[in-house]
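# Report on the structure
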Amino acid sequence: VQTFALPISCDRDSLGAFGAGNQTASSFSGTVLFCTAGSGNSLTVVDAQTNRATIKDIAFVGPGTGTATGLALGSASVAVTEGLIDNVLICNFATGATFANVEDGRFGLTIFSCTTALSLIDATANNQFNMLDIQKCVTGLTTDGSASGGNLFLAPVFQSNTGQSALIKEDTTWLITP
């Protein structure tokens, strides 16, 4: 799986908390996928075996209502290995991104205005998150404790979240700031 698009940009100061008012095209430029469904996933990446899934330069903008997820990578029964996500913005979903059984990947994500920004579940391990940027969410980063350890977060930003910015249940997950 490879998705490449035009570079994106976002006027982040124009975005508020999770809500329908954030789905304004004038706040974004580049390649933007507007999701209007109130449930389900905007993009699901899982197959019998998915290696080196690559997603670059795209914004996923949710409806601001309901239970929808912006990006679902992997599943409890199928691993996604060596994934690459670069310059991807996810905003205005109930859950920004869920990684399940994702291993050995490198990810550059910006997640704004979601109820839960990023959830690592089902043995998501040994990944590198570069400059993860989570802002204006209720809950930022969560892990479920199911061997989702060994993840490295380099220079993460957790800002203006109204609840817990990071809820990490493993002692082998590292947050490293400059």
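Residues numbered from 1 in each chain as written. Predicted model: local features only at pLDDT ≥ 70, side-chain atom pairs only at ≥ 80, totals over all residues. Heavy atoms only, no water.

Right, let's talk about the overall build of the protein chain for a bit. Assigned secondary structure in the protein chain consists of zero helices and 21 strands. Out of the 178 residues in the protein chain, the part that is buried amounts to 47%. The long-range share in the protein chain, meaning contacts at least 24 apart out of those at least 6 apart in sequence, stands at 56%. Here the protein chain has roughly 7,700 Å² of accessible surface; of this, 51% comes from carbon and sulfur atoms. (Helix = DSSP H or I, 4+ residues; strand = E, 2+ residues; numbered from the N terminus. Buried < 20%, exposed > 50% of the residue type's maximum accessible area, 1.4 Å probe, protein only. Contact = heavy atoms within 4.5 Å. Areas by Shrake-Rupley, 256 points an atom, 1.4 Å probe, with all protein chains shown as cover.)

Before going further, it helps to spend a moment on unusual backbone geometry. Trans is the common state for peptide bonds, and a negative phi is the common state for residues other than glycine. With phi around 55 degrees, D57 is a residue other than glycine that occupies positive phi space. Positionally, D57 belongs in strand β7 (residues 54-61). What makes D57 buried here is its relative accessible area of 17%.

This part covers the sheet that holds strand β17 (residues 139-143). Strands sit in the order β5-β8-β11-β14-β17-β20 across an open sheet of six strands; the sheet is parallel. Each edge of the open sheet carries a strand with a single partner, namely β5 (41-45) and β20 (166-167). In this sheet, strand β14 (residues 116-121) lies alongside strand β11 (residues 95-100) in parallel orientation, the contact comprising five bridges. Looking at the pairing, A97 lines up with L118 of β14. (Pairing = 2+ DSSP bridges.)

Using the criterion set out here, one finds four aromatic pairs in the structure. Judged by centre distance (5.2 Å) and plane angle (40 degrees), the ring pair of F107 and F129 falls under tilted. With F107 in strand β13 (residues 106-112) and F129 in strand β15 (residues 128-130), this pair connects stretches of sequence that are 22 residues apart. Assigned by exposure class, F107 and F129 land together as buried. Ring centres 4.6 Å apart and planes at 10 degrees place the aromatic pair F129 and F153 in the stacked group. Linking F129 in strand β15 with F153 in strand β18 (residues 152-154), this pair joins segments that are 24 residues apart in sequence. Using a relative accessible area of 0% as the deciding quantity, one classes F129 as buried. The buried category is assigned to F153, whose relative accessible area is 0%. An aromatic cluster is defined as three or more aromatic residues linked by ring pairs; in this entry it consists of F99, F107, F129 and F153. (Phe/Tyr/Trp six-rings, centres within 6.5 Å; stacked < 30°, edge-to-face > 60°.)

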